[in-house]
Structure formats: structure tokens, C-alpha cells
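Listed here are the chains, written in short residue letters.
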Amino acid sequence: MKEIKEKHTLVMRWTHWVNFPILTVMIWSGLLIYWANDEYAITIFGHTFLRFFPDWFYKLLKIPHHLADGMAFHFLFMWFFTLNGIFYILYTLLSGEWRQLAPKRNSFKEAWLVLLHDLHIRKTSPPQNKYNAAQRIAYTSIIIMGLGSVVTGLAIYKPVQFYWLTWICGGYHVARIIHFALTLGYVLFFMIHVIQVIIAGWNNFRSVVSGFELVEEPTPIVTTIIVEESAPLVTMNLLEESTPLLTKGPEERAIFPIDEDDSNNNLL
Amino acid sequence: MKSPTIKKTKKELTLNQKVNRRNFISFTTFFVASAAAFGGWKWLYNSPEEKAGITGGAHKPLRQALNKTEVFFRNFFSNKNLVKTYPKEKAAKVVRVNSNIGIDDEDYDPKKWILNVQRNDGQILQLTIDQIRTLPKTEIIFDFKCVEGWDQIQHWGGVKFSDFLSHFGLEDQAKMDYVGMQTPNGGYYVGLEMESALHPQTILAYEMNDQPLVLKHGAPLRLIIPVKYGIKNLKRIGMISFSNKRPRDYWAEQGYDYYSGL
């Protein structure tokens, strides 16, 4: 028997989808600015492997000769990006949602299992809950990256008035490189994110629009067996041992030493 | 008691109905909001260019945003916030020349140069480079920043603009809101708010790397204003004026932020 389970809050869904077009405009207008002095490349031992960016790329996106436009768009949408981000972070902190988002002590170990599972090297699916370990790390990182973009952005936007910010960022050059690298990070994140969402399927995607998922009704046993979270080693062992039981049914799944609400295997 | 029971049976939705209802509401909202956002973007992207005036060349709403953003960030401006300075050895020996707009007249004779300063009484104060050189010299070695994204540590020497104003009895002019400067041929011109012009690191420079300025760097006298991007650092000053309205500004007419402050 399936039932509706609430997954994503309204605030999370709005800020997520509002951020998407804003970040797109920020990246595009950022490119218009960067083009005017496109000095970055990956060079190892005198050989340039990748120039940011090749001419075909600029031509494709009609980037050249729009510095003034780029700055005008960038310095308008920076407001929306920042305000949307502040709103989301405040909400997540005040509502307690951060508890399901922030990586836990065992997340870093568990994220490895998620990776192995996603690459089809390991059959056991690691504990999922709202977010699995890898998601906790990825989604928390992307928020910190957003914060980093605002801070490094301010550091290169007003390096005199906010000289202390520029100093914290390691100076004007370092701040500019971080600001640039974070943008590459968003693009990389976006590509993996979209692939994972496609793989995870409709039920998962819908939850970021409608807020709910359809799940199997949990069996009562699930709530009765809870292993202390403060025992990561035990967690691991149980996980190993439980592998052959996995296919049998919900009762056995309950021995997973995880939060009460585990019941689906969406990986993103 | 009958009606509530009827209502209750009506309200008892199946799982599928609940799902469909919620999907309908949220996806309709999603697509309507997406369409609105796309429409909003189209409107902004195709919004008309501002009327050419003191500023020009930008989409009208974007210019308004630039001006509003200037107002916000000017709250953080302080003459106590100084540009980071560097030791002499860090200064570039070959100083970048990015443009010669306004100083491109052939056979220009710097010996005939004279600085015109417009006073409030309508009179024009005329100064020679020797008169300016008698004032105390201020040197600065700082990271010159261009809107394009490049920067270079450069070493300049000249007279602090605030010293210049007080020495030549221009205190009344210093109370006005803006300073305008332009090249002798009028081909390049900038406008600055007074607070940036009076910043202790703003100088009228006649030296670079301890040598007299050369023509391509703005000889005999140029503006070095480290709290602004390079576009405001006018070469070969021919005329200085004061006003309470924004003076015209070469790059602000071409879509750039008028303020361009750092």
C-alpha cells in the first residue's frame, strides 16, 4: 500500500527553482565580464591543456564585446541571488531543516558507499532518508559555494571599501580565481545533479515541485528498532551483514541502523 | 446532522485523487511561474535603451539598478578605507597602456599645456605644471584595477587632490557634489563624486616610477584615483570643473556604471 509522504518544504522548493534562472543569468553575465580579460587556463609544465574559454565556446554563446552589459546584468541579479540565498539559509537554520541536510559524522564514510552503489560496483543501497550521505555533502557544499560566491564577489567588487573581505579571501587575485572556480563548480554540480535526478526518476523529481513522494507504508517494526547514531562502526558492520537480507522484505530492512523514516531508495 | 456526513463522504479522496490534485496545483504553479519568469526575462532583455544623456547605452531598468546599487554601496564609502599599498620593488617597470582616447592628437606639445580650473565665480584659474610641482608631493604604489579584469601594481607621484584644492583656494568648489575633468581636446572626460575626489589617495600625478610622465601615460598631468576603476583615471587633464550635478563621463555614456567605485 502506497501513501503520500511529505518531503520538501514549500520554501525549499521555491528557493530552489528561483535560484536556477538567477544562477543561469549570473553565470552568463559573469562570462560577459570574464571575456574582457580571459586569462585563466590549466597549464602543467608549460603545456596548456585547457584555455578558459576556447573561441568556439565564446562564439556559440555570443559572449564577446559585452562587458558593460555583463556588468549591468551581474550587478542587478547579484541582489536576487544573495537575497534568495539568505532567505533559504535563514529558513533552513531556523526551521531545523538543516538537521536533515548537514553531513553527519558518518556521512563522509557513507558517501563512499553511495558512490560505489551509484556506479553499480556495490549492490547494497546505503541508508537514504530524505538525503543520503552523498547528498548531504553535495547539497551542503553547494550552499557553502553560494556563500563563497557572494563573499569573493564582494571582495572583487569593492576591494577598497571591503578590504578586510579581500584580505580574508587571500587578496584580489585569489578572490577572483575562487569566484571563477566556484562557477565552474556550479556547472559541474549541475551536470551531475541533472543526471542523478533523471536516474532517480519521476517520484523524486516531483517531490521538488509538489513537495511529496509516494512511498510504501512503513511497517511498525521500523519504529521499534533504532540503533544509537553515536556508533558509526556498528552501523557499518550491520550494513555489511544485512546485505543478503536486503531483498527479502521490509521487516529485514528495518535492521538498518538509521532514522525512522527510511523507506525508499531514491538516490537523489 | 445529515449534511456533514454527505460532505465527509465527498471529501474522502482516494490516494490517486489526492496525488492528482496536488500535482495539478503544484505543476500549474510551476509552469505559470516559469512562464512569468521567462516573460520577465524577455522584457528585461529587450527593454529599451536609456535616453542618451549623462549616462547612456544601457537598458533603462539596468541603469536604474546600477544607480540604486551605487546609492547602497556609497553607504560603505569612507575616506578612512585606504587602498592597499606596496613596496617600490613590486611596482611594474613596464606600465600598461590600455587606451589613448582623448590624447590621440598628433604633434601635441606638452610645453604649451596649461591647466584650466573653473571656479564658482565664473573665472578660470590657469596653472602651469611648475606651479603644481611646488606643492608637497604624494607618492602611491597600488594595484591599479581595470573594469576589464586586469590589474597592475603601479607607482605614481604627484599632488594630493585635496592639497591642490586648498592650496589654490578652491575650498568653496570642494563643497560641491561633483568634479569633472576632461582632456585638452575634450575627447575623454570623467565625472567623480567629491568624496572620492577628496580621498587621501587621489592624486594629480606628474611622475611615474620616479620619472616625469610620458605622453602615452598622460603627461604632463593626469588623474590617479585608486578608489575607482581605471576608466576614471583620466590622462592629460586639460580642464577641471565643479558642479552639483553629475558631469559628463565618457564610459558612463557607453553603458558603464557611472560610479565605478572600488
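Residues numbered from 1 in each chain as written. Chains lettered and ligands numbered in written order. Predicted model: local features only at pLDDT ≥ 70, side-chain atom pairs only at ≥ 80, totals over all residues.

1. Focus on the overall build of chain B
Short version of the rule: Numbered from the N terminus, helices here are DSSP runs of H or I no shorter than four residues, and strands are runs of E no shorter than two. Only C-alpha atoms enter the radius of gyration; for comparison, a globular chain is expected to reach 2.2 Å times N to the power 0.38, where N is the number of residues. Counts of 20 or more other C-beta atoms within 10 Å of a residue's own C-beta define buried residues, counts of 12 or fewer define exposed ones, and intermediate counts define partly exposed ones; C-beta atoms are placed from the backbone. Contact between two residues is assigned when their C-beta atoms, built from the backbone, lie within 7 Å.
Helix and strand counts for chain B come out as 7 helices and 10 strands. In terms of C-alpha radius of gyration, chain B reaches 28 Å, well past the compact-globule figure of 18 Å for 262 residues. When burial is assessed residue by residue, chain B has 33% of its 262 residues classed as buried. In chain B, of all internal contacts separated by at least 6 residues, the share reaching a separation of at least 24 is 67%.

2. Brief notes about the overall build of chain A
Helix and strand counts for chain A stand at 12 helices and 4 strands. For chain A, the residues scored as buried account for 26% of the 268 residues in total.

3. Brief notes about the packing of helix α1 (residues 10-35) of chain A against helix α3 (residues 67-95) of chain A
Residues and elements named next belong to chain A. Spelled out, the test is: A fitted line through C-alpha atoms serves as each axis, taken over the contacting stretch for helices, and the angle formed by two N-to-C directions is quoted from 0 to 180°. Working rule for angles: under 35 degrees goes down as roughly parallel, over 145 as roughly antiparallel, 65 to 115 as roughly perpendicular, anything else as oblique. Crossing handedness: left-handed means the near helix sits turned counterclockwise from the far one by under a right angle, and right-handed means the same turn made clockwise. Put simply, Ala, Val, Leu, Ile, Met, Phe, Trp, Tyr, Cys and Pro go in the nonpolar bin, Asp, Glu, Lys and Arg in the charged bin, and everything else, Gly too, in the polar bin.
Contact geometry of α1 with α3 gives a least axis separation of 8 Å together with a crossing angle of 155 degrees. One finds that α1 runs roughly antiparallel with respect to α3. Relative to α3, the crossing made by α1 is left-handed. Looking at side-chain class alone, the contact of α1 with α3 contains 17 nonpolar, 7 polar and 1 charged residues.

4. Things to note about the interface of chain A and chain B
Every contact between the two is made by 28 residues of chain A and, on the other side, 34 residues of chain B. Going through the elements one at a time, β1 (2-6), α1, α3 and β4 (212-216) of chain A are the ones with two or more residues in the side of chain A that touches chain B. When grouped by side-chain class, the residues that make up the side of chain A that touches chain B number 19 nonpolar, 4 polar and 5 charged.

5. Here we look at the domain arrangement of chain B
So the rule is basically this: Segmentation of the chain into domains, including their bounds, is taken from an automatic or database domain assignment.
For chain B, the assigned domains are domain 1 (2-45) and domain 2 (60-98 + 108-254). The straight-line distance from the C-alpha centre of domain 1 of chain B to that of domain 2 of chain B is 59 Å.

6. Focus on the nonpolar core
Rules: By convention in this section, buried Ala, Val, Leu, Ile, Met, Phe, Trp, Tyr and Cys residues joined through C-beta atoms within 7 Å make up a nonpolar core.
Ala72 of chain A together with Met181, Ile203, Leu204, Ala205 and Ile237 of chain B are the most contacted members of the largest nonpolar core, which has 66 residues in total. Element by element, the count of residues in this core is highest for α3 of chain A, at 9 residues. Contact partners of Ile203 of chain B, with chain neighbours within four places excluded, come to Thr138, Ile140, Trp156, Gly158, Val159, Lys160, Phe161 and Ile224 of chain B. Core analysis: the second largest hydrophobic core is formed by 9 residues, Ala155, Ile156, Tyr157 and Ala175 of chain A among them.

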